[in-house]
Amino acid sequence: MNNMLNVALPKGRLGEKVYAMFEKAGFPCPSILENSRKLIFENQETCVRYFWVKPSDVAIYVERGAADVGVAGKDILLEYEPDVYELLDLDIGKCRMAVAAMANFRDDPQRTLRVATKFSNIAAKYYLGKGRDIDIIHLNGSIEIAPILGLSDVIVDIVETGTTLKENNLAVKETIVPISARLIANKSSYNFNSDKIDMLVREITAQMEASK
Amino acid sequence: MNLQNLLISTYEKVSFSLRDLYSHYGYTQYKMSKFEEYDLYARNKDFLISDKVITFTDLSGKLMALKPDVTLSIVKNSIDEPDTLQKLYYAENVYRATKGAHAYKEIMQVGLECMGKVDDYCLCEVLTLAAKSLLAISDNVVMNISHLGFLSDLIDGIGISGQDKTRAIQFIGQKNYHELSGLCRELLIDEDKISKFLQILTTTGSPETVLPVISCLAADITDVAPVERLLHVVQAIGDAEAKGILHFDFSVVDDLHYYNGLVFKGFVQGLPQSILSGGQYDKLMRKMNRRSCAVGFAVYMDMLERLDADKETFDVDVVLIYEDGAEPAALRSCVDSLIAQGNRVMAQQKIPQNIRYRQLMKYACGEVSILE
């Protein structure tokens, strides 16, 4: 029986930070640090296999069982609602999901609010909770230009520093939810690898406590 | 020739053994139509795994649906006899939207339902049959069990209600303790209670070791009688193998509007989601104006094809190539002789494309030679 722990890491700087935490937690895989175009890395000794995937796909790999655990942003978890365990808030990759609009925008409740976003589910739920009638315009990128060009009244998007918004004469109007990276696990895999996964959670928790 | 290994898929083997298992325990097969009035599902949307249903208007103008669920139809069509117990099993196709695929899928579901007077023996039998159903699929299985009624009382007991209770249930289902503890603190719940509550939820393991601990921790928050009853039910399971796969875990949650007591989910190593799901659904019975209690479970048979995926399979054992003009009687005799040796044989003049074969042979001048 294959007892490798399969880990889906988000490509990019966040993934590298996460790998460092996993390595320190007792799951090293030195080959991942070599400069190569490989996407899958294995360490037979520690029985761990890492693979780099697009950050927004991590939850799918985990939900579908290709990965036992992975690290995904809370934005992705809220948007796609995968049926996975969310074991730990890693307290990294911090930002917020926010409503932004032109700096001089004033909401008129008499009119349907046009909302441009990549996160249709999050936006729909947020405004449903407020009882606000909206028209969602689903975009895949460059969301910031939608209000500038009159395509939408507001945008719902991730805001880190707010610099991009400022440069485009936009401002945050409301914060929907704070976002950070979460350690997630496949519900079935967890049952068969709980010793390893629990150890990983314990070790990473200890690292986070120590760095506070 | 070993017919069972060659031709019968895991799906077929499991389907036969489950029906055999249930009928040995006195469950009778329930057959039903593929269609049901849409209204039944419209009134109980939250009970369905997906609220998307295939509908059509029948010849009398009624809005009908292709069944997305079996339990609702069984409850609707059953006679309400709260003092007796009806034991039924089914093997039926249901039609559901698949997550993310934007398409409907036909899914074979095998399961059982007990309706009427559900006592501890009945719960014990259903739990045993659920565990045995999992063991009929694989040796590497786990069945997580929980008690939704107790969990609900526990959440009430520490002072979480309304929308916050729904959020709390969701966090528990995700083992999301960071947000659960955040919610408790947001609601200014006493730190001692929070600590006990979170401890109860993280305590998992064999029911016989975990339930007494939970009972002790929860004693000053809520009534622990449901936990003690569940322990009694688990202790009554005689089959050591079935008992051995039970694992208590509060992350097994379901809709509180329908389920009220014991709930469970079964997992098979190698399958990404739970293949078995069940529980006590007295609240659904009340919603449908039934006085009876009920418990049941379903096995999602469509997931079994994943277990066959890694199996090395050949379409035939032997592809026997012969030349144009070969003597038919002699060739037939050669084919028969290979079949008699336990092979599946395909006689062809040319090597067929897209056929996986174990051996390639050639028939020429009454002789058979192995090519590869």
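Per-chain numbering applies: the sequence of each chain, read as written, is numbered from 1 onward. Chain letters and ligand numbers both follow the written order, the letters beginning at A and the numbers at 1. Only residues with pLDDT of 70 or above have their local features reported here, since the model is predicted, and side-chain atom pairs are shown and tallied only from 80 upward, although totals for entire chains, interfaces and linings are computed over all residues. Excluding hydrogens and water, the side-chain figures rest on all heavy atoms present in the structure.

## What to know about the pattern of salt bridges
- Counted as salt bridges are all cases of a side-chain nitrogen of Lys or Arg within 4 Å of a carboxyl oxygen of Asp or Glu. This structure, assessed with the given rule, holds 33 salt bridges over all chains.
- We note a salt bridge from glutamate 179 of chain B to lysine 74 of chain A, for which the minimum N-O separation is 2.9 Å. In this pair, glutamate 179 of chain B sits in helix 8 (residues 177-186) while lysine 74 of chain A sits in helix 3 (residues 74-80), so the two residues belong to two different chains.
- Here aspartate 249 of chain B and lysine 175 of chain B are joined by a salt bridge, their closest N and O atoms 2.9 Å apart. Here aspartate 249 of chain B, found in the loop between strand 8 (246-248) and strand 9 (262-268), pairs with lysine 175 of chain B, found in the loop between helix 7 (162-173) and helix 8; they are 74 residues apart in sequence, far enough to count as distant.
- Relative accessibility under 20% of the residue-type maximum defines a buried residue, over 50% an exposed one, and the middle range a partly exposed one, all with a 1.4 Å probe and only protein chains included. We classify aspartate 249 of chain B as buried; its relative accessible area is 0%.
- Judged by its relative accessible area of 4%, lysine 175 of chain B falls in the buried class.
- Beyond isolated ion pairs, a larger network of salt bridges with shared partners links Lys74, Glu86, Asp89 and Arg182 of chain A together with Glu179 of chain B. Strands here are runs of E lasting at least two residues and helices are runs of H or I lasting at least four, both read from the DSSP assignment and numbered beginning at the N terminus.

## Describing the packing of helix 8 of chain B against helix 9 (residues 191-202) of chain B
Residue and element names in this part refer to chain B.
- An axis is simply a line fitted to the C-alpha atoms; with a helix, the fit covers only the stretch in contact. Between two such axes, the angle follows the N-to-C directions and lies from 0 to 180 degrees. One way to put it is that helix 8 packs onto helix 9 with a least axis distance of 10 Å and a crossing angle of 155°. As far as their axial angle goes, helix 9 and helix 8 are roughly antiparallel. The element helix 8 and its partner helix 9 pack so that their crossing is right-handed. Here helix 8 contributes Tyr177, Leu180, Ser181, Cys184 and Arg185 to the contact with helix 9, which in turn contributes Glu191, Ile194, Phe197, Leu198, Leu201 and Thr202. Between 65 and 115 degrees an angle is taken as roughly perpendicular, under 35 as roughly parallel, over 145 as roughly antiparallel, and anywhere else as oblique. Crossing handedness is defined as follows: a turn of the near helix away from the far one that is anticlockwise and smaller than a right angle gives a left-handed crossing, while the clockwise case is right-handed. Contacts are assigned to residue pairs that have any heavy atoms within 4.5 Å of one another.

## Brief notes about the environment of asparagine 260 of chain B
All names here are of chain B.
- The topology assignment puts asparagine 260 in the loop between strand 8 and strand 9.
- Distance from asparagine 260 to valine 295, taken between C-alpha atoms, is 10.0 Å for residues 35 residues apart in sequence.
- With sequence-adjacent residues up to four places away left out, asparagine 260 is seen in contact with His147, Leu148, Gly149, Gln280, Tyr281, Asp282 and Lys283.

## As for the pairing of strand 13 (residues 345-348) of chain B
Residues and elements named next belong to chain B.
- Think of it this way: DSSP has to see at least two bridges between two strands before they count as a pair. Here strand 12 (residues 316-322) runs beside strand 13; their pairing, made up of four bridges, is parallel. Opposite leucine 320, over in strand 13, you have alanine 347 as the bridge partner.
- In terms of handedness, the path from strand 12 via helix 15 (residues 328-340) over to strand 13 forms a crossover that is right-handed. Whether a crossover is right-handed depends on one test, that the path from the first strand over the helix to the second runs clockwise when the strands point away from the viewer.

## Thoughts on the environment of isoleucine 92 of chain A
Residue and element names in this part refer to chain A.
- Along the polypeptide, isoleucine 92 turns up in the loop between strand 5 (84-89) and strand 6 (95-102).
- On the accessibility criterion, isoleucine 92 (15% relative accessible area) is buried.
- Through-space distance from the C-alpha of isoleucine 92 to that of aspartate 107 is 33 Å; in sequence the pair is 15 residues apart.

## Topic: the domain arrangement of chain B
- Annotation comment: domain bounds sourced from an automatic or database domain assignment. Looking at the assigned domains, one finds that chain B contains domain 1 (3-148 + 225-308) and domain 2 (312-370).
- In this structure, domain 1 of chain B and domain 2 of chain B have C-alpha centres spaced 46 Å apart.

## Some remarks on the sheet that holds strand 10 (residues 276-280) of chain B
Residue and element names in this part refer to chain B.
- Read across the open sheet, the eight strands follow the order 1-5-6-11-10-9-7-8; overall the sheet is mixed. The sheet is open, and its two borders are formed by strand 1 (28-29) and strand 8, each paired with just one other strand.
- In terms of strand pairing, strand 5 (residues 85-98) meets strand 6 (residues 103-116) through 14 bridges, oriented antiparallel. Its bridge partner being in strand 6, leucine 88 is matched across the sheet by glutamate 113.
- Running at roughly 50° to strand 7 (residues 141-147), helix 6 (residues 148-158) makes contact with strand 7 and strand 9 of the sheet.
- With respect to the sheet, helix 10 (residues 207-218) is in contact with strand 7 and strand 8, its orientation differing from that of strand 8 by roughly 20°.

## Regarding the confidence of the model for chain A
- The pLDDT value tells you how sure the predictor is about a given residue, anywhere from 0 up to 100. For chain A, per-residue confidence averages 93 on the pLDDT scale, and residues scoring 70 or more make up 99% of the total.
- The least confident element of chain A is helix 6 (residues 163-167) of chain A, whose mean pLDDT is 90; the most confident is strand 11 (residues 181-186) of chain A, at 98.

## Some remarks on the sheet that holds strand 3 (residues 55-57) of chain B
All names here are of chain B.
- Spatial ordering of the open sheet is given by 2-4-3, a layout of three strands whose pairing is antiparallel. A strand with exactly one partner marks an edge of an open sheet, and here the two such strands are strand 2 (35-37) and strand 3. The mean angle between the axes of side-by-side strands here comes to 40°, regardless of whether they run parallel or antiparallel.
- Summarising the sheet, strand 3 and strand 4 (residues 63-66) pair through three bridges and their orientation is antiparallel. The residue of strand 4 that forms the bridge with threonine 57 is leucine 63.

## Concerning the interface of chain B and chain A
- Listed by partner, the interface residues are 20 residues for chain B and 22 residues for chain A.
- In protein, a polar contact means a hydrogen-donor-capable atom and an acceptor-capable atom, both N or O and within 3.5 Å, with residues adjacent in sequence counting only if both atoms are side-chain atoms; elsewhere, any N or O pair within 3.5 Å suffices. If you look at where chain B meets chain A, you find 12 residue pairs in polar contact (both at pLDDT 80 or more).
- Of all elements in the fold, only strand 7, helix 8 and strand 9 of chain B reach the threshold of two or more residues within the side of chain B that touches chain A.
- The dominant element in the side of chain B that touches chain A, judged by the number of residues it contributes, is strand 7 of chain B, at three residues.
- We call Asp, Glu, Lys and Arg charged. Ala, Val, Leu, Ile, Met, Phe, Trp, Tyr, Cys and Pro are nonpolar, and the rest, Gly among them, are polar. The residue makeup of the side of chain B that touches chain A, split by class, is six nonpolar, nine polar and five charged.

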